[in-house]
Amino acid sequence: MSAWLVGSWLALALASLLGLRNPGSLLYGLALGVAGALSMVGGGLAWGHGGQASGFFLLLLGLLTLALALYLPAYLAHHPRAARAYALLVPLFIGVLAGVVVVLPGLPFLFLWEGMALLGYLLIGLEGPQAEAGARAFFLASRLGSAGLYLAFLGQVTLPRDWLWAGILLGFGVKAALFPFHPWLTLAHPVALSPVSALLSSAMTKLGLYGLYQAQLWFGPPPAWAAWTLVVLGLLGGVYALVRGLGEEDLKGALAYSSVENLGLMQATLGAYFLTQAPLFLYAFFLHQLSHALFKGLLFLAAGALPERRLSRLGGLWRLDPGLGALVLLGMAVGAGLPPGPLFLAEWSAYRGFLQAPGFLPLAVGVLALVGGLALYFYVRLFGLAFLGLARAQTTVHLGGGMRRGLGLLAVALLLLGLFPGFVLRPLGATFYPNGVLGLALLALAYPLYRWLKARPHRDYGTWDCGHAPLEPRMQPNGLGFAAPALYLFPFVRLRVGERPALEELLIEAYQGIGGGYARLARALQALQSGSIHLYLLLQLLALVAVLGVVLR
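Keep in mind that this is a model prediction, so the values were computed, not measured.

Undergrad: Teacher, can you tell me more about the overall build of the protein here?
TA: Each helix and strand counted, the protein has 22 helices and 2 strands in total. The globule rule puts the C-alpha radius of gyration for 553 residues at 24 Å, and the 25 Å found for the protein is close to it. Projected onto the principal axes, the alpha-carbon positions of the protein cover approximately 95 × 60 × 60 Å. By residue count, 52% of the 553 residues in the protein fall in the buried class. Taking as baseline every contact in the protein between residues at least 6 positions apart, the subset at least 24 positions apart corresponds to 77%. Taken as a whole, the protein presents about 25300 Å² of accessible surface, with 69% of it coming from carbon and sulfur. Charge-centre separation for the protein: the mean point of 32 positive side chains lies 6 Å from the mean point of 18 negative side chains.

Undergrad: What exactly am I supposed to notice about the packing of aromatic side chains here?
TA: Geometry of an aromatic ring pair is reported as the spacing of the ring centres plus the angle between the planes. On inspection of all chains with the given rule, the structure shows 24 aromatic pairs. Both rings, one in Tyr-213 and one in Phe-286, keep their centres 5.3 Å apart while their planes meet at 80°; by these two values the pair is edge-to-face. One end of the pair, Tyr-213, is in helix 9 (residues 194-218); the other, Phe-286, is in helix 12 (residues 279-303), with 73 residues separating them in the sequence. Seen from their ring centres, Phe-285 and Phe-286 are 5.3 Å apart, and the 75° between their planes marks the pair as edge-to-face. For the pair formed by Phe-285 and Phe-286, the shared burial category is buried. Residue placement shows Arg-143 over the ring face of Phe-139; its charged tip is 5.4 Å from the ring centre.

Undergrad: Please explain the side chain of Gln-267 as it appears in this structure.
TA: Relative to the helices and strands, Gln-267 is located in helix 11 (residues 251-276). Residue Gln-267 is classed as buried on the basis of its relative accessible area, which comes to 1%. Within the structure, the side chain of Gln-267 is placed 2.7 Å from the backbone oxygen of Ala-176, a separation counted as a polar contact. Every residue in contact with Gln-267, bar those within four places of it in the chain, is listed here: Ala-176, Ala-177, Leu-178, Leu-209, Leu-230, Val-231 and Gly-234.

Undergrad: In this structure, what is going on with helix 11? I would like to understand it.
TA: An α-helical turn contains 3.6 residues, so any two residues separated by three or four positions project in the same direction. Taking 1.5 Å per residue as the helical rise, helix 11 with its 26 residues ought to reach 38 Å, and the 38 Å between its terminal C-alpha atoms agrees with that figure. Burial runs high along helix 11: 24 of the 26 residues are buried. You can read the cap of helix 11 off the contacts: a side-chain oxygen lies 2.9 Å from the backbone nitrogen of Lys-252, and it is on Asp-250. Of the residues one or two after helix 11, Gln-277 is the one with positive phi, at around 60°.

Undergrad: Mind showing me how you'd approach the packing of helix 8 (residues 183-191) against helix 11 here?
TA: When two helices pack together, their arrangement is captured by the angle between the axes and the distance separating the axes. Running from N to C, helix 8 and helix 11 cross one another at 140°; their axes reach a closest spacing of 8 Å. As judged from the angle between their axes, helix 8 and helix 11 are oblique. For the pair helix 8 and helix 11, the crossing hand works out as right-handed. Between helix 8, through Leu-185, Thr-186, His-189 and Pro-190, and helix 11, the contact on the second element is made entirely by Lys-252, Gly-253, Ala-256, Tyr-257, Ser-259, Val-260 and Leu-263. Its residues assigned to classes, the contact of helix 8 with helix 11 shows 6 nonpolar, 4 polar and 1 charged.

Undergrad: Would you explain the side chain of His-189 in this entry?
TA: Checked against the element boundaries, His-189 lands in helix 8. Judged by relative accessible area, His-189 falls into the buried class, the value being 0%. Ignoring any residue separated from it by four or fewer positions in sequence, one finds His-189 in contact with Trp-184, Ser-197, Leu-200, Ser-201, Thr-205, Lys-252, Ala-256 and Phe-300.

Undergrad: Would you mind showing me how to read the environment of Ala-543 here?
TA: Secondary-structure assignment places Ala-543 in helix 22 (residues 533-551). The sequence separation of Ala-543 and Leu-88 amounts to 455 residues, and the corresponding C-alpha distance is 45 Å.

Undergrad: What am I meant to see in a nonpolar patch on the surface here?
TA: A surface patch of nonpolar side chains, amounting to about 720 Å² of accessible area, comprises Ile-533, Tyr-536, Leu-537, Leu-538, Leu-539, Leu-541, Leu-542 and Val-545. With respect to the element layout, Leu-539 can be found in helix 22.

Undergrad: Looking at this structure, how should I read the pattern of salt bridges?
TA: A side chain with one charge can pair with a side chain of the opposite charge if their charged atoms come near. Counted according to the given criterion, the structure contains 6 salt bridges. Between Arg-136 and Glu-132 there is a salt bridge, and its shortest N-O distance comes to 2.8 Å. Separated by 4 residues within a single helix, Arg-136 and Glu-132 lie in helix 6 (residues 132-154), roughly one turn from each other. The class for Glu-132 is partly exposed, based on a relative accessible area of 45%. Arg-244 is the salt-bridge partner of Glu-248, the closest N and O atoms lying 3.4 Å from each other. Residue classification places Arg-244 among the buried positions, given a relative accessible area of 12%.

Here is what the cut-offs are and how they apply
Residues numbered from 1 in each chain as written. Predicted model: local features only at pLDDT ≥ 70, side-chain atom pairs only at ≥ 80, totals over all residues. Heavy atoms only, no water. Helix = DSSP H or I, 4+ residues; strand = E, 2+ residues; numbered from the N terminus. Rg over C-alpha atoms; globule rule 2.2 N^0.38 Å. Buried < 20%, exposed > 50% of the residue type's maximum accessible area, 1.4 Å probe, protein only. Contact = heavy atoms within 4.5 Å. Areas by Shrake-Rupley, 256 points an atom, 1.4 Å probe, with all protein chains shown as cover. Lys, Arg positive; Asp, Glu negative; His and termini not counted. Charge placed at Lys NZ, Arg CZ, Asp CG, Glu CD. Phe/Tyr/Trp six-rings, centres within 6.5 Å; stacked < 30°, edge-to-face > 60°. Lys NZ or Arg CZ within 6 Å of the ring centre and 35° of its normal. Polar contact = N/O pair within 3.5 Å; in protein donor to acceptor, adjacent residues only side chain to side chain. Expected span 1.5 Å × (residues − 1). Axes fitted to C-alpha atoms, helices over the stretch in contact; angles between N-to-C directions. Parallel < 35°, antiparallel > 145°, perpendicular 65-115°, else oblique. Left-handed = near helix turned anticlockwise from the far one by under 90°. Nonpolar A, V, L, I, M, F, W, Y, C, P; charged D, E, K, R; others polar. Patch = residues over 30% accessible without salt bridge, like charges linked within 9 Å, V, L, I, M, F, W, Y side chains within 5 Å. Salt bridge = Lys/Arg side-chain N within 4 Å of Asp/Glu carboxyl O.

Here you go:
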């Protein structure tokens, strides 16, 4: 794998230099494509022959990089502001993501982990003042996660196992948007550039899952409480994120909440695997990762074609661009867990694993069923408000040929993964139903039926409007109106109705209270900065006495 990876890094370095010169050039996309292909081949060989988790991540990252190689030059041509900076930083960010999974655990790992956090912060902050809050949340979450990793890696020899795994859950869990540490994701991803959002959601968050999975090899098996924490918080996060996402007005913001939901289910299956060592959970964990990376990358990149992302201003996009609508429909159908999509197969493996598990784990099946129903509701709302009905405001679609080909590549990969999941999971010894044969047989039966129905005489009717005047955009439900029946059922969100309807989130209010308390404490401590050298010497003496007391105890 090393030779393939070195070649990929060299191609990424060349892409960064070419991006500084001309971010929309064919050579820039070609260099990115070569890097993606080398990463995919090298990772695929490492995964196929040795079952290495690092190889699986490089395979996933290579697929995303290939799609970006087609998409990014055409996208940056329509976004000239800071295009050179993006073209420089995106290949560097991809290279650091690849480096994290191949270095040995320890200081090199922490160094690249910090580099990933710095580059992610810069990529988010490049969007300007409107991205300041998201970039700050990303930075603070990175600091919190790094504190946990430093605790685990530096205390590996001296600290007890429970303390080590507390640091691991904090460090990798924050990066994987473990509930309730997820708000950074829903603040940062919507404000970032769409290709950056795709990388953050589809690739970077998977490094948190990679770290949690590899930690059993680096630090030993987790204690039972750590595994149960992943199961419980993962399932809670899945329900919470979908309910909160039902009230989200921004299209990319809703997709970010969907990422929290999917990451929560992956955390739950990983925790169940730690508890039972059942291979079904491992199948679900890896297949869900790849499925989510592909369909969420597709949806975030598709959102980049829309200058307007507020759902209350969208509508009728299917008539405007049926090709984009078909690609988004495929991604959302997979995200909703509909068969025979790969996410359905991953969740089906999780269902089977929980049903066969001992103790209280079978109770998770009810939560999985609730998440499945909410996910279907979630994506029906998104697709219906954005692509169906009448246009609520005048909008356009900017989808060049290269951007469309990048989306098409991810769509083809999704279809192949749904038809042949066993090929990807062969290193784990997974067996699935012959989805490819069944899918092709269904298509062979459906096409003659379609031709027969199309040849029959039929009449077209307009939408029944109860005898009123022609339908107008204002007669359509808005985002909160569509979601209100579900939002009223859950106590952790409050729907405020009236002239300006809004959704109040109790968890965010709690975080704001904590932030306000910290700010007041900081202002109180500023009183110590009196400028008195005598006070400073006294504080140093007290600190020295405290340290000596700890050492000599």
